[in-house]
Amino acid sequence: MDLSLYNTLTRKKEIFQPITPCHVGMYVCGPTVSGESHLGHARPYITFDLLYRLLTHSGYKVRYVRNITDAGHFEEEGREAEDKISSKAILEKLEPMELVTKYTNLFHWAMRQFNNIDPSIEPTATGHIVEQIEMVKKILAEGYAYEVNGSVYFDLRKYATDFAKVSPYGKLSGRILDEMLETTRDLDGQDEKRNKADFALWKKAPAEHIMRWPSPWGDGFPGWHIECSAMSRKYLGDEFDIHGGGMDLQFPHHESEMAQSSVCHGGKIMARYWVHNNMITINGKKMGKSYNNVIKLTELFSGDHPLLDQPYNPMTIRFFVLQSHYRSTLDFGNEGLQSAEKGLERLMRAVERIDKLPESLISTFEVFKFRDKCWEAILDDLNSPILISHLFDAVKAINSIAEGTLKITSEDKKLLKETVDTFVFDILGLKMAAGGNNADRDRLNQLVSMMVQLRTEAKARKDYATSDQIRNQLAGMGIMLKDTKEGCEWEISD
RNA sequence: GGUCAGUUGGCCGAGUGGCUAGGUCCCGGUCUGCAAAACCGGUUACGGCGGUUCGAGUCCGCCACUGACCUCCA
C-alpha cells in the first residue's frame, strides 16, 4: 500500500514516491536554541518523528536532517537588528555558545522524554558558516543578490520574474508577489534594499555584535533562511524528498529557502513534498512568545504553571498530540490532557494483557482486518487519530477475550501482539511508563507480591478488615490492587 | 486591509453525500465481600439561512463568528 502525504506545494494529497528508490531524504526545521522549548515545539518533532518511524518501518533508508539554529536570527523591533542568541546571552550573562549549549541540551532532553528518535544528522548553523557564505557567493554570481554596505540581499523582483515558470515565488505560501512587494512592513536595513520584500542573505555585524564571522563582505552573520538552504543542500543534495516544519514557517522562511536554492540549483525546487504541521493553541490562540501564553516543557512535566491542574507525563503529551491530525490545530486544555492520560493508560494496560490471553480453537476477532485498517489509516496522510481509534477497537477486543466473550486462536494472538506492538511502539512511538532501576523494580515487585499473598490469605478467612487495610495502604503508596478472575493484579504508578 | 483555514455532543477530537468514529466525562446494568478494573447498555452533535439531491455535518451560495499567515515563530 502507498503512503499519501498532503503536499503544501500542490495543496493536495499525493502518493509518496522517493526520488531514489528505497531512500528518503527528509529535512525538518529545528529549534532556535535561544530559550527553553515549549509545548508548541512538541508538535512538529513528534509529527516528523511519526513520519520518520513510519518511513523507516516501511523499509526506507531515511536520512533525517534536523538543524539547530544557533546563530543568525534577527530580532526586529523596528530598531536595530539584533542576533537573538547574542542578545539573550547578554541577558543571561553567558557566552553565546554557553547559552546555545544549555538550550540545545535541554531540547535534546525533551526530545528523549517524548521518545523521539534522534535525527540522522543534526547540523548547526554556526558549524556551517562556510557553506552559507559559499551559497551567498553563488547567488551573487548568478545575479540574484546585491551587496550594500557589507550586507547582501536577495533580489526578489528579479528572481520572481526570471523564475516565474520554474519556481514561482509565493507558490508555497499562496501569496501574490506584487502585494508582498508593497505590504511588507518596515524592517531594519530597509533603505538599503531595492525592494521592500528583499530579504537578507548576509548581514553586516554592528561593532557591538558578539556573534560575527569574516566574509568577503566584511564581518557579519548569516540571514535566517540561508542556513536551511545550505545545510539541506550539503547533506541531502540539490533536490530531496521531504521538507517539513511548522505551518508558521511557510512564509517567509520556506518560501525564501526555496528561492535561494532554486537559484543555486538551476531552477530545481529543493524538495518534492512540503509537509507542515498545524499549531497548538491555548484558549484558541497560537502558543507563542508574543502572545504571552507559553507553557514550557519543563513546566508541563512538573505541573508548575498557573494554567496546569497537574503535571503531565511526556507520553501523555505525545499521545495527546497524536490523537489529533497533524494538519489541524490542537487546543491545549487540562481536560483534554487528562482524558488523553486516561486513554493512554487503558491502551497500555490492554497491550500488556495480550500475552496472558486465553487461546481458543477459533477466533471471533478479525485480526487481519484490524491490521489492514491500521495501515490504511496511518498511510492516509498520517491519520494517527483514526489509527488510535482502531487501536481502541483492539483494546475492547483484548479485554473481551480476557473476559471470555470473544475468542482468539494462538496464531491470531501472535499476529495481534505483533500488530499492536508495531503500531503502538514502533510507529506511534509510545512507551510504557517505567521508573527506577531494574533491581529496585524487582525488589518492589517481590514485596508487593508478598503483601498480595497475605491479603489473599486474609480474604480467604474472610478477614476483610485486614485485606482492606493492605489494599488501602498500598493504594496510598500508589500501588493499585485489582481482583480479577485470575487472581489479584497490581499496578505501580510512578 | 489582503490571503488562507476552521466552526462537530460537557471536554478533546476524526470523518464524510445514505450504516456507531475514537478517547474522556455522566447515567444504568453485569461481575465482586466491598472497591477498582473490565464488559454490556444509555444520554448529548455536526455555527445560521437558503439551494442542489431520493437523501447533506458532508456539495454550492450568502451571512455570522474564530483563528493563522502577511513581522521572529514549531
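Residues numbered from 1 in each chain as written. Chains lettered and ligands numbered in written order. Predicted model: local features only at pLDDT ≥ 70, side-chain atom pairs only at ≥ 80, totals over all residues. Heavy atoms only, no water.

## Topic: the overall build of chain A
What chain A contains, in helices and strands, is 16 helices and 17 strands. With respect to the principal axes defined by its C-alpha atoms, chain A has extents near 90 × 50 × 40 Å. By residue count, 51% of the 494 residues in chain A fall in the buried class. Taking contacts inside chain A between residues at least 6 apart in sequence as the whole, the part at least 24 apart equals 74%. Accessible area of chain A: about 23,000 Å², with a carbon and sulfur share of 50%. Charge separation in chain A, taken as the distance between the mean sites of 61 positive and 71 negative side-chain charges, equals 3 Å. (Helix = DSSP H or I, 4+ residues; strand = E, 2+ residues; numbered from the N terminus. Buried < 20%, exposed > 50% of the residue type's maximum accessible area, 1.4 Å probe, protein only. Contact = heavy atoms within 4.5 Å. Areas by Shrake-Rupley, 256 points an atom, 1.4 Å probe, with all protein chains shown as cover. Lys, Arg positive; Asp, Glu negative; His and termini not counted. Charge placed at Lys NZ, Arg CZ, Asp CG, Glu CD.)

## Thoughts on the confidence of the model for chain A
Per-chain confidence: chain A averages 89 in pLDDT, with 94% of residues scoring 70 or above. Here the predicted complex scores 0.91 on pTM and 0.95 on ipTM. (pLDDT = per-residue confidence, 0-100.)

## A look at the packing of aromatic side chains
The final tally for this structure, using the stated rule, is 18 aromatic pairs. When the ring of Y146 is compared with that of Y153, the centres are 6.0 Å apart and the planes differ by 35°; the resulting orientation is tilted. For the pair formed by Y146 and Y153, the shared burial category is buried. Between the aromatic rings of F365 and F370, the centroid separation amounts to 5.9 Å while the plane-to-plane angle is 45°, which identifies the pairing as tilted. On the basis of relative accessible area, F370 is assigned to the buried category, the value being 5%. Pairwise contacts between aromatic rings join Y144, F154, Y159, F163, Y169 and F199 into one cluster. In this arrangement the basic side chain of R66 is found over the ring face of Y45, its NZ or CZ atom lying 5.2 Å from the centre. One Lys or Arg, R327, reaches over the ring of Y326 and ends 5.9 Å from the middle of that ring. (Phe/Tyr/Trp six-rings, centres within 6.5 Å; stacked < 30°, edge-to-face > 60°. Lys NZ or Arg CZ within 6 Å of the ring centre and 35° of its normal.)

## Here's the deal with the nonpolar core
Counting residues in hydrophobic clusters, the biggest one holds 115 residues, and the most contacted among them are I139, F154, I242, L300 and L430. For this core, the leading source of residues is helix α1 (residues 39–57), giving 10 residues. Y27, L249, M258 and W274 belong to the second-largest nonpolar core, a separate cluster that totals 17 residues. (Core = buried A, V, L, I, M, F, W, Y, C linked by side-chain atoms within 4.5 Å.)

## Quick look at the sheet that holds strand β15 (residues 330–332)
Read from one edge of the open sheet, three strands run β14-β13-β15, paired in mixed fashion. The two strands at the open ends of the sheet, each matched to only one other strand, are β14 (285–286) and β15. (Pairing = 2+ DSSP bridges.)

## Side note on the sheet that holds strand β12 (residues 271–277)
Backbone-to-backbone hydrogen bonds pair the strands of a sheet. The strands run either parallel or antiparallel. Reading across from one edge, β4-β3-β11-β12 is the order of the four strands in this open sheet, with parallel pairing throughout. Strands with a single pairing partner mark the edges of an open sheet, and in this sheet they are β4 (61–66) and β12. This sheet shows a mean twist of 20° between the axes of neighbouring strands, independent of strand direction. When strand β11 (residues 240–246) meets β12, the two strands line up parallel, connected through six bridges. Note on β12: the bridge partner recorded for H243 is W274. Contacts between helix α7 (residues 224–236) and the sheet are confined to β3 (23–28), β4 and β11, with β3 contributing the most and set at about 160° to the helix. Contacts between helix α8 (residues 250–264) and the sheet are confined to β11 and β12, with β11 contributing the most and set at about 160° to the helix. (Axes fitted to C-alpha atoms, helices over the stretch in contact; angles between N-to-C directions.)

## Overview of the environment of G35
Following the sequence through the fold, G35 ends up in the loop between β3 and α1. Considered as a pair, G35 and I282 are 247 residues apart in the sequence and their alpha carbons are 20 Å apart. Excluding residues that lie within four positions of it along the chain, G35 makes contacts with K88 and Y103.

## Regarding helix α16 (residues 464–476)
Here α16 spans 18 Å end to end across 13 residues, near enough to the 18 Å set by a 1.5 Å rise per residue. Three or more residues of α16 are buried, namely S467, I470 and L474. Mapping the buried residues of α16 onto a view down its axis gives an arc of 60°, with all of them on the same face. Exposed and facing more than 90 degrees away from the buried side of α16 are A465, N472 and G476. (Expected span 1.5 Å × (residues − 1). Arc of directions from axis to C-beta.)

## Re helix α12 (residues 367–379)
The end-to-end C-alpha separation of α12 is 18 Å, in line with the 18 Å expected for 13 residues at 1.5 Å each. Looking only at α12, the buried set comprises V367, F370, C374, A377, I378 and L379. Looking at the buried side of α12, the elements it contacts are β1 (4–7), α1, α13 (384–403) and α14 (410–427). Remark: D381 follows α12 within two positions and exhibits a positive phi of approximately 55°.

## Quick look at the pairing of β12
In terms of burial, β12 is largely enclosed, as six of its seven residues are buried. Considered for its hand, the β-α-β crossover made up of β11, α8 and β12 is right-handed. (Right-handed = clockwise from strand over helix to strand, strands pointing away.)

## Some remarks on the packing of α7 against α8
α8 packs onto α7 with a crossing angle of 55° between their chain directions and a minimal axis gap of 8 Å. The orientation of α7 relative to α8 falls into the category oblique. α8 is crossed by α7, and the crossing has right-handed handedness. Across from W224, H225, I226, C228, S229 and R233 in α7, the residues of α8 making contact are P252, H253, S256, E257, Q260, S261 and C264. Along the lines of polarity and charge, the residues of the contact of α7 with α8 split into five nonpolar, six polar and two charged. (Parallel < 35°, antiparallel > 145°, perpendicular 65-115°, else oblique. Left-handed = near helix turned anticlockwise from the far one by under 90°. Nonpolar A, V, L, I, M, F, W, Y, C, P; charged D, E, K, R; others polar.)

## Regarding the pattern of salt bridges
Applying the stated criterion to the full structure yields 26 salt bridges. The salt bridge partner of K369 is E366, with a shortest N-O separation of 3.7 Å. Put simply, E345, R349, K482 and E491 are held in one network by salt bridges that share partners. (Salt bridge = Lys/Arg side-chain N within 4 Å of Asp/Glu carboxyl O.)

## Digging into unusual backbone geometry
Omega for the peptide link from F251 to P252 comes to 0°, which places this bond in the cis form. Looking at the element boundaries, P252 is found in helix α8. You will see that N115, though not glycine, has its phi angle at about 65°, which is positive. Looking at the element boundaries, N115 is found in the loop between α3 (96–113) and α4 (129–142). Here N149, not a glycine, exhibits a phi torsion of approximately 55°, which is positive. By the secondary structure assignment, N149 is in the loop between β7 (145–148) and β8 (151–154).

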